[in-house]
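Okay, here's what each chain looks like letter by letter:
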Amino acid sequence: MLKEIGMKEIETGRLILRKFTLDDVDGMYNNWASDFETSKMLDWDVHENREVTLSVISNWIKEYEKLFYFNWVVELKENGEIIGNIEIRRCKLRDEICEIGYCYGSKYWNNGYASEALRAVIQFLINEVGVRIVEAKYISGNPASGKVMEKAGMKKDAVLRARVINKNTGDVNDFVIYSIMKEEL
């Protein structure tokens, strides 16, 4: 049975994962929401202006009232700069399975931040919330995301062929599914 403990701040060696606040609007807009490189492999478009980011964050903040809503902003400990977010995209509560999604500004790629945050969220979900399986997926045009999942201890489960057309390139991509089970931690 999953525990409805609500979202909590998570700290790693280099990162703080915390709730979004309205003070994060400029950082999110400047560091990833307006970054074409960040959004080109995701299902959302770059934010046209700061007001779009304000609206998105305002909606997320309202969701924090729910005990089973998880969406962390990822902040660097060294300077307080926010670099991306990691969230629970879907949960199958009865089956104790949660799907994680994440994105980071392109200037922060290849520093190990994404796998560090993913490992921490996996541990929180399994050890504290009681999730049995944590899963994530990426489109085949973005193999770096699969490397993040592998570094976090996840294993490839399946390839769903030709499931998505990239909105920017028009390329047909597969969905690649990864997961980690409680007993694999």
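Residues numbered from 1 in each chain as written. Predicted model: local features only at pLDDT ≥ 70, side-chain atom pairs only at ≥ 80, totals over all residues. Heavy atoms only, no water.

Asks: Would you mind going over the overall build of the protein in detail, with residue names and values included?
Replies: The secondary structure content of the protein amounts to five helices and eight strands. Along its sequence from the N terminus, the protein presents helices and strands in the succession β-β-α-α-α-β-β-β-α-β-α-β-β. Against the 2.2 N^0.38 benchmark of 16 Å for 185 residues, the protein shows a C-alpha radius of gyration of 16 Å, consistent with a compact globule. Reported as C-alpha extents along the three principal axes, the dimensions of the protein are approximately 45 × 40 × 30 Å. Per-residue burial over the protein gives 47% buried out of 185 residues. (Helix = DSSP H or I, 4+ residues; strand = E, 2+ residues; numbered from the N terminus. Rg over C-alpha atoms; globule rule 2.2 N^0.38 Å. Buried < 20%, exposed > 50% of the residue type's maximum accessible area, 1.4 Å probe, protein only.)

Asks: Report on the environment of Gln123, specifying residues and quantitative values.
Replies: Counting through the fold element by element, Gln123 comes out in helix 4 (residues 113-129). Relative accessible area serves as the criterion here: at 41%, Gln123 is assigned to the partly exposed category. Between the alpha carbons of Gln123 and Gly105 there is a distance of 24 Å; along the sequence they are 18 residues apart. Leave out the neighbours within four places in its chain, and Gln123 touches Glu128 and Leu185. (Contact = heavy atoms within 4.5 Å.)

Asks: Can you break down the layout of surface pockets residue by residue, with the values?
Replies: In this approach the atoms are scanned with a rolling probe the size of a water molecule, which exposes any empty space left behind. Approximately 1100 Å³ is the volume attributed to the largest pocket. Looking at the lining of the largest pocket, its residues break down into 24 nonpolar, 12 polar and 11 charged. Of the volumes computed, that of the second largest pocket is approximately 160 Å³. Around the second largest pocket sit Phe68, Tyr69, Phe70, Glu87, Ile88, Arg89, Arg90 and Cys91, which together line it. Partitioning the lining of the second largest pocket into residue classes produces five nonpolar, no polar and three charged. (1 Å grid on protein atoms, 1.4 Å probe; cavity = no way out; pocket = protein on both sides within 12 Å on 5 of 7 lines; lining within 4 Å. Points joined across faces, edges and corners; volume = space filled by probe spheres on them. Nonpolar A, V, L, I, M, F, W, Y, C, P; charged D, E, K, R; others polar.)

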